[in-house]
Amino acid sequence: MTRKTTLERLYKIGEVANQSGLSVKTIRYYEEVGLLTPTTTRSESGYRLFTEQTLNRLAFIKRSQSLGLNLSEIHEILEVHDSGELPCGAVKQHLLHKVEEINQQIQALELLKSELLGLLSGWQEQPPRDRVAQTICPNIQ
């Protein structure tokens, strides 16, 4: 078994899943896409072994996702961290971008809401027969 230090405890994937609240499948996926790279090793028999840092990384990944960051963005941030730099500036830039995206989504939803309210204000339960024959729902076509 490979150990980074003699005092560092290594965890099997089931233990990491239990402590992180993530599924084994998710943890395997995160490892495959490189999110856990510096914190995993393999035992002589091929078992994945994880360090304490893995739990910190998984907590960071979960929190970042809850703030709307995708795995690609999280990977970029972790690369900054893994190069020895504090990634707070990169995190801030990604979060500012998310705020801009949310504002655009809000504007699009407000426009859709106005359109729906306009349709509903002129709603006809019994539209004219000539329009019924030409459409599926004359109120929206």
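Here we summarise the structure given alongside this text.

The rules we used
Residues numbered from 1 in each chain as written. Predicted model: local features only at pLDDT ≥ 70, side-chain atom pairs only at ≥ 80, totals over all residues. Heavy atoms only, no water. Pairing = 2+ DSSP bridges. Helix = DSSP H or I, 4+ residues; strand = E, 2+ residues; numbered from the N terminus. Patch = residues over 30% accessible without salt bridge, like charges linked within 9 Å, V, L, I, M, F, W, Y side chains within 5 Å. Areas by Shrake-Rupley, 256 points an atom, 1.4 Å probe, with all protein chains shown as cover. Salt bridge = Lys/Arg side-chain N within 4 Å of Asp/Glu carboxyl O. Axes fitted to C-alpha atoms, helices over the stretch in contact; angles between N-to-C directions. Parallel < 35°, antiparallel > 145°, perpendicular 65-115°, else oblique. Left-handed = near helix turned anticlockwise from the far one by under 90°. Contact = heavy atoms within 4.5 Å. Nonpolar A, V, L, I, M, F, W, Y, C, P; charged D, E, K, R; others polar. Phe/Tyr/Trp six-rings, centres within 6.5 Å; stacked < 30°, edge-to-face > 60°. Buried < 20%, exposed > 50% of the residue type's maximum accessible area, 1.4 Å probe, protein only. Arc of directions from axis to C-beta.

1. Considering the sheet that holds strand β1 (residues 11–12)
In spatial order, the strands read β1-β3-β2; together these three strands make up an open sheet with antiparallel pairing. Edge strands, defined here as strands with exactly one partner in the open sheet, are β1 and β2 (40–42). Relative to strand β3 (residues 48–50), β2 runs antiparallel, the two being bridged by three bridges. Within β3, the residue paired with Thr-40 across the bridge is Phe-50.

2. Re a nonpolar patch on the surface
Among the surface-exposed residues, Leu-117, Leu-120, Trp-123 and Ile-140 lie close enough to one another that they form a single nonpolar patch of about 420 Å² accessible area. On the secondary structure map, Leu-120 appears in helix α5 (residues 88–121).

3. As for the packing of helix α3 (residues 52–66) against helix α4 (residues 71–82)
Two elements in contact, α3 and α4, have axes separated by 10 Å at closest approach and are oriented at 140°. When the axis of α3 is compared with that of α4, the two are oblique. As α3 packs across α4, the resulting crossing turns out to be right-handed. Each of Arg-57, Phe-60, Ile-61, Ser-64 and Gln-65 in α3 lies in contact with α4, whose residues at this interface are Leu-71, Ile-74, Ile-77, Leu-78, His-81 and Asp-82. Residue composition of the contact of α3 with α4, by class: six nonpolar, three polar and two charged.

4. Thoughts on the packing of aromatic side chains
Following the criterion strictly, the structure yields one aromatic pair and no others. Ring centres of Tyr-29 and Tyr-30 lie 6.5 Å apart, and the angle between their planes is 55°; this geometry places the pair in the tilted category. According to the relative accessible area criterion, Tyr-30 is buried, its value standing at 5%.

5. Let's talk about helix α2 (residues 24–32)
Restricting attention to buried positions, one finds in α2 the residues Ile-27, Tyr-30 and Glu-31. Axial view of α2: buried residues confined to an arc of 100°, hence all on one face. The exposed set on the far side of α2, more than 90 degrees from its buried face, consists of Lys-25 and Glu-32. Those residues of α2 that are buried are in contact with α1 (13–20), β2, β3, α3 and α4.

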